[in-house]
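An overview of the molecular structure
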Amino acid sequence: QQQQQPQRRDWLGSGVMTTASGSLTPEGIAVCASICCACCIITLLVAYFIWAVITIITTFESTSTTCGTAFNVWAFCLTVVVVIPVLGCFTSILANITALPGLMTVPPVINLGMAVWGMVLWNTMGERCMMALETKYWDLALLFKINVILLSISFFVFLCILCLGAAFIS
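As a starting point, this report considers the structure included with it. Owing to the predicted nature of the structure, the values given are computational and were not obtained by experimental measurement.

Along its length, the chain carries five helices and zero strands. Starting at the N terminus, the α and β elements of the chain follow one another as α-α-α-α-α. Counting over 170 residues, the chain shows a buried share of 26%. Pairs at least 24 residues apart make up 60% of the contacts formed inside the chain by residues separated by at least 6 positions.

Here's what the structure looks like:
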């Protein structure tokens, strides 16, 4: 008599089975690859956040320059890196505690406002101020450009979601 071995669950508990020989099934490989990608993305986000905070701390003196006073690039980066995530966490917690899901619209609206502010700031800054910023505070200029690009992408994605929602509602 052959005794059948019970199927084993993988270490994630997701129900992905291994074969009798102990190798992963294609679903198991997909789960492992997904976890690997998630870890890489989280590592990049943490590294970006640490770099952004260090950049904000070390470039405060840019606020005393002529271009820094006129265009507030440092304040924009501080708002995007610190204030928006804290505000998003706060409104999310508050929306869950009070059972008011309408509060969840606050962070995307602020994100849209920040995207517009960044685009206007970049457009009105001019070549001379951008070159001066890139020369003396290259890391702040890079952080500013990365933030404006990411906010612009999220602005576009949010508008697409709004248009799709309006199309399905009508």
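From this point, the discussion proceeds with the structure in view.
What follows concerns the environment of methionine 104. Along the polypeptide, methionine 104 turns up in the loop between α3 (73-98) and α4 (106-136). Methionine 104 gets classed as partly exposed once you look at its relative accessible area, which sits at 38%. Sequence separation of methionine 104 and serine 92 is twelve residues, and the distance between their C-alpha atoms is 6.2 Å. Among all residues touching methionine 104, those that are not within four sequence positions of it are Thr91, Ser92 and Ala95.

What follows deals with the nonpolar core. Judged by nonpolar contacts, the single largest core of 25 residues is most densely connected at Val73, Phe76, Cys77, Met125 and Phe144. Of all the elements in the fold, those that place two or more residues in this core are α1 (26-58), α2 (66-71), α3, α4 and α5 (138-169). Look past the residues within four positions of cysteine 77 in its chain and what remains in contact with it is Ile56, Leu140, Leu143, Phe144 and Asn147.

In this section: the packing of aromatic side chains. Throughout the structure, instances matching the rule amount to five aromatic pairs. Relative to phenylalanine 144, the ring of phenylalanine 76 lies with its centre 5.4 Å away and its plane at 75 degrees, an arrangement referred to as edge-to-face. Of this pair, phenylalanine 76 sits in helix α3 while phenylalanine 144 sits in helix α5, and the two are 68 residues apart along the sequence. Residues phenylalanine 76 and phenylalanine 144 agree in their burial class; the two are buried. Measuring from ring centre to ring centre gives 5.9 Å for tryptophan 122 and phenylalanine 144, while their planes differ by 55 degrees; the resulting arrangement is tilted. Placement of the pair is tryptophan 122 in helix α4 and phenylalanine 144 in helix α5, with a sequence separation of 22 residues. According to the relative accessible area criterion, tryptophan 122 is partly exposed, its value standing at 31%. Residue classification places phenylalanine 144 among the buried positions, given a relative accessible area of 0%.

The rules we used
Residues numbered from 1 in each chain as written. Predicted model: local features only at pLDDT ≥ 70, side-chain atom pairs only at ≥ 80, totals over all residues. Heavy atoms only, no water. Helix = DSSP H or I, 4+ residues; strand = E, 2+ residues; numbered from the N terminus. Buried < 20%, exposed > 50% of the residue type's maximum accessible area, 1.4 Å probe, protein only. Contact = heavy atoms within 4.5 Å. Core = buried A, V, L, I, M, F, W, Y, C linked by side-chain atoms within 4.5 Å. Phe/Tyr/Trp six-rings, centres within 6.5 Å; stacked < 30°, edge-to-face > 60°.

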